[in-house]
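# Architecture at a glance
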Amino acid sequence: MKKLLALILVLSIALFAFVGCAKEQPAPAPSPAPSEEPNEEPSEEPNEEEPAAEGAVKTGLAVITSLGKSKDATADAEGTAQSDSVIVAVTVDNDGKVVKAVIDTAQTAIKFNAEGKVTSDLTASYKSKQELKEEYGMSKASTIGKEWYEQANTLADYVVGKTVDEIKAIPTDDTGVPTDADLVASVTMKIDGYKDAFEKAMADAQDLGANAEDKLGLGVVTTIDKSKDATADADGLAQAYSTYTATTFDAEGKITSSILNASQANVNFDATGKITSDLAAPALTKNELGDDYGMRKASPIGKEWFEQAAAFAEYIVGKTVEEVKAFETDETGHNTEADIVSSVTFGIDDFKLILEEALNTAK
């Protein structure tokens, strides 16, 4: 019995000694969980923009309209509601330099008499200066014997490779005619308005899918059929309604980017042929007007004009002009194409015309 008690005592002492030692041992440091540790150098930079695709360019379109040359009717002469819309289309590279450029002007003169009646043919076709070519008649008055479109094309070629600051810095005399040695022999028209349009087009240029190798085309169509006579109770209206596009095309003739816009240059006059509009007021395009244009309230889909124009421009990318011309419309020319009827309900006939013009003149 004494031996058994002694054995139990010895085992108890050993157990307490072991426990005591165990308590005195420091706990081992936990192993790091590598799957939760952030990398010192992240493999992605979420705050940095994706680099532009090689050869990608921005597409820009600017329209600046002036009504300042309009004049009242008199007993001896008809009045004129004249709108001059300077139009510039560009593609711009990532360095802010012009890759391609096109210049045009829509000059529309609507006549009315001292009785407040519109005398111009409301069904007439109004060509831009590029479309008129020799019909415009500048070469006869030009000191260098060059037509307007020739001078405009020379200026467009001249700005290729230049930044907006370099274009704005092109020297001119006090009338706006260039005095740059490289231009004086080929451009004698006033260019200040075109410099302003280049600045606007380049500032507004967007990444829409165009490539530096794509051709750039500009299209414009102008109608005056919404003009109307004055009455004893209401002013008359001379309206030049122009629709514009800057569109790029790849080697297969497919649209790679497109901007669509329109302007309604309105001049009001009373029953005596006196102009009642403020001719110095800005004549903004529909895209510039934005929500102020007021289509949203009348639209069956609740979309403003600029939204529908942007949706249509996006939809036609990847298509040829022939495919766009085949889009379905109702008898009034409003879009009924199934794939975009939920986002575009306005008339698209003029868009078809200007896209075809842009293709035929693209360079």
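Now for a quick tour of the structure. Just so you know, these numbers come straight off a predicted model, no measurement behind them. (Residues numbered from 1 in each chain as written. Predicted model: local features only at pLDDT ≥ 70, side-chain atom pairs only at ≥ 80, totals over all residues. Heavy atoms only, no water.)

### Overview of the packing of aromatic side chains
Enumeration over the complete set of coordinates arrives at eight aromatic pairs. Measuring from ring centre to ring centre gives 6.2 Å for Trp-148 and Tyr-194, while their planes differ by 55°; the resulting arrangement is tilted. Here the residue Trp-148 occupies a position in helix α4 (residues 148-158), and Tyr-194 occupies one in helix α6 (residues 192-204), the gap between them amounting to 46 residues. Residue classification places Tyr-194 among the buried positions, given a relative accessible area of 6%. Here the aromatic rings of Trp-305 and Phe-346 are separated by 5.6 Å at their centres, their planes lie at 50°, and the arrangement is tilted. In this pair, Trp-305 is assigned in helix α8 (residues 305-315) and Phe-346 in the loop between α9 (321-325) and α10 (349-361), connecting sequence segments 41 residues apart. An aromatic cluster of three or more residues is present, and its members are Trp-305, Phe-312, Tyr-315, Phe-327, Phe-346 and Phe-351. Its end group placed over the ring of Tyr-158, Lys-162 keeps NZ or CZ at 4.1 Å from the ring centre. Across from the ring centre of Tyr-315, 4.1 Å away, lies the NZ or CZ of Lys-319, which sits over that ring. (Phe/Tyr/Trp six-rings, centres within 6.5 Å; stacked < 30°, edge-to-face > 60°. Helix = DSSP H or I, 4+ residues; strand = E, 2+ residues; numbered from the N terminus. Buried < 20%, exposed > 50% of the residue type's maximum accessible area, 1.4 Å probe, protein only. Lys NZ or Arg CZ within 6 Å of the ring centre and 35° of its normal.)

### Section: the nonpolar core
Counting residues in hydrophobic clusters, the biggest one holds 28 residues, and the most contacted among them are Val-90, Ile-103, Trp-148, Leu-155, Val-159, Met-189 and Phe-198. With six residues, the top contributor of residues to this core is α4. Once residues lying within four places of it in the same chain are set aside, the contact partners of Val-159 are Val-98, Ala-101, Ile-167, Ile-170 and Phe-198. Counting 26 residues, the second-largest nonpolar core is a separate cluster that includes Val-221, Val-344, Phe-346 and Phe-351. (Core = buried A, V, L, I, M, F, W, Y, C linked by side-chain atoms within 4.5 Å. Contact = heavy atoms within 4.5 Å.)

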